[in-house]
There are 2 protein chains.
Amino acid sequence: MKNILIYIMLLMLFNACSTDEKVVENNNTMQKKDYAIVLHGGAGYVSADNLSQEQKDEYFNALNTAISLGENLLKEGKSAGDAVEEVIAYLENQPMFNAGIGAVFTHDGKNELDASFMDGNTMNAGAVGGVTIVKNPIKAARAVMDKSPHVLLTGKGAETFSIEQGLDTVNNKYFFNQDRWNSLQRILDEEAGQGMELDHTEHPSDKKFGTVGCVALDKNGNLAAGTSTGGMTNKKWGRIGDSPIIGAGTYADNTTCGVSCTGHGEYFIRYAVAYDLSAKMKYKGLSLNQAADEIVMKELKEVGGAGGLVALDKYGNVAMPFNTGCMFRAYVCPDERIVKIWE
Amino acid sequence: MKNILIYIMLLMLFNACSTDEKVVENNNTMQKKDYAIVLHGGAGYVSADNLSQEQKDEYFNALNTAISLGENLLKEGKSAGDAVEEVIAYLENQPMFNAGIGAVFTHDGKNELDASFMDGNTMNAGAVGGVTIVKNPIKAARAVMDKSPHVLLTGKGAETFSIEQGLDTVNNKYFFNQDRWNSLQRILDEEAGQGMELDHTEHPSDKKFGTVGCVALDKNGNLAAGTSTGGMTNKKWGRIGDSPIIGAGTYADNTTCGVSCTGHGEYFIRYAVAYDLSAKMKYKGLSLNQAADEIVMKELKEVGGAGGLVALDKYGNVAMPFNTGCMFRAYVCPDERIVKIWE
């Protein structure tokens, strides 16, 4: 009897201690799905009443088209990386999202775009910051990963690299968008009138943290993640947010999760949010949903870090928490399809 | 007897499970030192035989002067942030370190400097990337933290911000250094001859990952950390390494540790090294030294990520691991003083 109890004690102690690499699943499957893909088109405070039916249709159509595009690639056996790149490039080409052609304007009336990409199999990564003539910054980010020894390239240098790689470039005017321009003018008028800088998110007509992102799990069990953004309306001084920062806006590790963030970028940098999701799973033994909720709904919320994230674990389980009013998002795996903006 | 055994089992289980926030100290004091400060001047492969006695004296003098400067500020009751800023500014002003006036040259023959700063009490942070006219980039990084709503500013925008803040600016020629220029020319000659790009670290005359960094713990128990660099000789395309990336090159959190990294920056970004040190302490319950050794001597080493880090925990215990041949470093607390280059 005494021996049995000691044996049980040792067994319990061993199990309790081995948190490293342990994944405590919480209502999630531990059977790998054939494939899975999740995307976001930004989180924010757009209420359903503020969008016309036509606008809602446009958003849902874009989200549906994008997630189906990714699903089809994965079904065909394409890599997670290919799915992420194509989905984000599609979203960059839609003017309603703050990335690519829909990018917001800087204080100086220009468009400066950021993007990042990470491969959870090789742990390699690439990113570009502050590019102004690259049509699809996500393709530049992936090229940095695949074709350079570096992770982060910025400004004119990143553009030179993109041209050398044969990527599509455009005149900066390609990114002109009347609605985004009007947003900047309203903020500049308010600044002039009030003599102070306003957070653009406080303006009723621009209540979304623009960013698009995607995470995919392919048939081979590889995870990839990417994020692309035009940043904040009225941004100054070459400001770069979390989107091109590996560990802040984007992360992927086949042993834990892939993740893309959206929100008030400075908080996501300070709290290394994307990597923290992976760390909470790897070191604390949390499930994807436990880790994602702890970060977004508790830790970020407590310090005022508005935003959300989309993530997949290595089985294809999904987490899509946001502490704002809405997050444009879609998720597909063989037995589930979710396309939502609000709760 | 049975009840006692069940009680012991529950107690063991509880202790084993509560890894969150637990700090298992390993040969480290858990009594807070009055103050502590640690700095580095880069890690690399400079052998003792390759330095003349005069060069060694210069390095040791600079390390000693810098650490004493920081110690005196902390003794006077100055904040950890003030000590970190002044120590790094001093190191930036010494031509033998690859930061500030000693910055290496880019492929285009210019000097582009990066720096970052984090306050472990407020979890606020600031950084600049690719600045060319700011005399002391660490002061710009701290100004971004204190005087802007942002964390990372880059290029011309970061310079405009620095000028607005009244920081000292210089002509880019201020950073000209004949030895650094010769290093660039040798690498360019080799590239031209061999038709390929060489990793500058393979050149015998330039065997150090340049970076300077500092972490301090003040009398009030606040941690601060900063890092500053000229990057890699022959860097192209606006490449930015880990030094200005919060979570990669620099991190500080009063509840865990402060850390500054030096090494092959791309690896430090991919593995979110600076934040990972904090995460391993917070989530895995490792001591500072256990966590630092696991990252530098095991994980980074296995993937070829050359470099090291300096770090302090909230008690003032120090870790200074490096997986290269040397790391220029110094540590001081009331009862210990270490100034070393090699083992």
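Refer to the preceding data block for the structure.
Fair warning: this is a prediction, and the values are worked out from it, not measured in the lab.

Time to look at unusual backbone geometry. Residues and elements named next belong to chain A. Here the phi dihedral of Met123 falls at roughly 60°; this positive angle occurs in a residue that is not glycine. With respect to the helices, strands and loops of the structure, Met123 is situated in the loop between strand 2 (113–119) and strand 3 (124–131). You will see that Ala272, though not glycine, has its phi angle at about 45°, which is positive.

Residues and elements named next belong to chain A. The sheet built from four strands is open, its strands ordered 9-10-11-12 with antiparallel pairing. The sheet is open, and its two borders are formed by strand 9 (250–252) and strand 12 (318–319), each paired with just one other strand. Direction of pairing for strand 11 (residues 307–313) relative to strand 12: antiparallel, over a ladder of two bridges. Paired with Leu312 across the bridge in strand 12 is Val318. Docked against the sheet, helix 8 (residues 273–284) engages strand 9, strand 10 (257–263) and strand 11, running at close to 140° with respect to strand 10. Its contacts with the sheet place helix 9 (residues 288–303) against strand 10, strand 11 and strand 12, and it is angled at close to 165° to strand 11.

Before going further, it helps to examine the relation of the copies chain A and chain B. When chain A is fitted onto chain B, the two copies agree to an RMSD of 0.0 Å after a turn of 180° and an axial shift of 0.0 Å. Such a combination of turn and shift is consistent with a two-fold rotation axis. Every residue of chain A has its C-alpha some distance from the rotation axis, and the shortest such distance is that of Tyr283 of chain A, at 2.8 Å. Both copies contact each other with a shared surface, as 98% of the interface residues of chain A are interface residues in chain B too.

All names here are of chain A. Applying the stated rule across the entire model yields 28 salt bridges over all chains. Residue Lys139 is joined to Glu85 by a salt bridge in which the shortest nitrogen-to-oxygen separation is 3.3 Å. One end of the pair, Lys139, is in helix 4 (residues 137–147); the other, Glu85, is in helix 3 (residues 80–92), and 54 residues separate them in sequence.

It is worth spelling out the interface of chain A and chain B at this point. Taken together, the contact pairs 45 residues of chain A with 45 residues of chain B. Around 4300 Å² of area is buried between chain A and chain B when both sides are counted, 68% of it from carbon and sulfur atoms. Inspection of the region where chain A meets chain B yields zero salt bridges. In this assembly, chain A and chain B are joined by 20 residue pairs in polar contact (both at pLDDT 80 or more). Of all the secondary-structure elements, those providing two or more residues to the side of chain A that touches chain B are helix 1 (2–17), strand 3, strand 4 (152–154), helix 5 (155–164), strand 8 (239–240), helix 7 (265–270) and helix 8 of chain A. Per-element accounting of the side of chain A that touches chain B gives the leading share, eight residues, to helix 1 of chain A. Across the side of chain A that touches chain B, the residue classes break down as 28 nonpolar, seven polar and ten charged.

Residues and elements named next belong to chain B. Taken in spatial order, the four strands of this open sheet run 9-10-11-12, and their pairing is antiparallel. Each edge of the open sheet is held by one strand with a lone partner, namely strand 9 (250–252) and strand 12 (318–319). Of the strand pairs in this sheet, strand 10 (residues 257–263) and strand 11 (residues 307–313) are connected by seven bridges, and their pairing is antiparallel. Following the sheet pairing, Ser260 is matched in strand 11 by Val310. With respect to the sheet, helix 9 (residues 288–303) is in contact with strand 10, strand 11 and strand 12, its orientation differing from that of strand 11 by roughly 165°.

Residue and element names in this part refer to chain B. One pass over the structure, following the stated rule, counts zero disulfides over all chains. Its sulfur unpaired, Cys326 is 16 Å from the next cysteine sulfur, which belongs to Cys261. For Cys326, a relative accessible area of 0% translates into the label buried. With no disulfide partner, Cys333 has as its closest neighbouring cysteine sulfur the one in Cys214, 14 Å distant. Judged by its relative accessible area of 2%, Cys333 is buried.

All names here are of chain B. Considered for burial, the residues of helix 5 (residues 155–164) that qualify are Gly157, Ala158, Glu159, Phe161 and Ser162. Looking at the buried side of helix 5, the elements it contacts are strand 3 (124–131), helix 4 (137–147) and strand 4 (152–154). Directly after helix 5, the chain includes Gly166, whose backbone phi takes a positive value near 75°.

Let us now look at the packing of helix 2 (residues 53–75) of chain A against helix 3 of chain A. Residue and element names in this part refer to chain A. Running from N to C, helix 2 and helix 3 point in directions that differ by 160°, and their axes come no closer than 9 Å. Judged on the interaxial angle alone, helix 3 and helix 2 are roughly antiparallel. The hand of the helix 2/helix 3 crossing is right-handed. Of the residues in helix 3, those touching helix 2 at Ala62, Thr65, Ala66, Leu69, Gly70, Leu73 and Leu74 are Ala80, Asp82, Ala83, Glu86, Val87, Tyr90 and Leu91. Within the contact of helix 2 with helix 3, the residues separate by chemical class into ten nonpolar, two polar and two charged.

Looking along a regular strand, one sees the side chains alternate between the two faces of the sheet. All names here are of chain B. The buried fraction of strand 10 is high, at seven of seven residues. Neither face of strand 10 is exposed, since Cys257, Val259, Cys261 and Gly263 on one face and Gly258, Ser260 and Thr262 on the opposite face are all buried. Across three bridges, strand 9 lies against strand 10 in antiparallel orientation. Along strand 10, the bridge assignment pairs Tyr251 with Val259. Between the end of strand 9 and the start of strand 10, which pair antiparallel, lie four residues.

What follows covers the environment of Ile295 of chain B. With respect to the secondary-structure elements, Ile295 of chain B resides in helix 9. For the pair Ile295 of chain B and Lys280 of chain B, spaced 15 residues apart in sequence, the C-alpha separation works out to 9.2 Å.

As a further point, take the environment of Gly249 of chain B. Residue and element names in this part refer to chain B. Inspection of the secondary structure assignment puts Gly249 in the loop between strand 8 (239–240) and strand 9. Residues Gly249 and Cys261, twelve residues apart in the sequence, show an inter-C-alpha distance of 4.9 Å. Setting aside its immediate chain neighbours within four residues, Gly249 contacts Thr227, Asp242, Ser243, Val259, Ser260, Cys261 and Ala274.

It is worth spelling out helix 9 of chain A at this point. All names here are of chain A. For helix 9, spanning 16 residues, the distance from its first C-alpha to its last is 22 Å, which sits close to the expected 22 Å at 1.5 Å a residue. At Ile295, helix 9 shows its largest kink, close to 30°. Against the buried residues of helix 9 lie strand 10, helix 7, helix 8, strand 11 and strand 12.

What counts and how
- Residues numbered from 1 in each chain as written.
- Chains lettered and ligands numbered in written order.
- Predicted model: local features only at pLDDT ≥ 70, side-chain atom pairs only at ≥ 80, totals over all residues.
- Heavy atoms only, no water.
- Helix = DSSP H or I, 4+ residues; strand = E, 2+ residues; numbered from the N terminus.
- Pairing = 2+ DSSP bridges.
- Contact = heavy atoms within 4.5 Å.
- Axes fitted to C-alpha atoms, helices over the stretch in contact; angles between N-to-C directions.
- Least-squares fit on C-alpha atoms with pLDDT ≥ 70 in both.
- Salt bridge = Lys/Arg side-chain N within 4 Å of Asp/Glu carboxyl O.
- Buried area = accessible area lost by both parts, 1.4 Å probe.
- Polar contact = N/O pair within 3.5 Å; in protein donor to acceptor, adjacent residues only side chain to side chain.
- Nonpolar A, V, L, I, M, F, W, Y, C, P; charged D, E, K, R; others polar.
- Disulfide = S-S within 2.5 Å.
- Buried < 20%, exposed > 50% of the residue type's maximum accessible area, 1.4 Å probe, protein only.
- Parallel < 35°, antiparallel > 145°, perpendicular 65-115°, else oblique.
- Left-handed = near helix turned anticlockwise from the far one by under 90°.
- Expected span 1.5 Å × (residues − 1).
- Bend = angle between axes of the 7 residues up to and from the residue.

These figures come from the coordinates and say nothing about function on their own.
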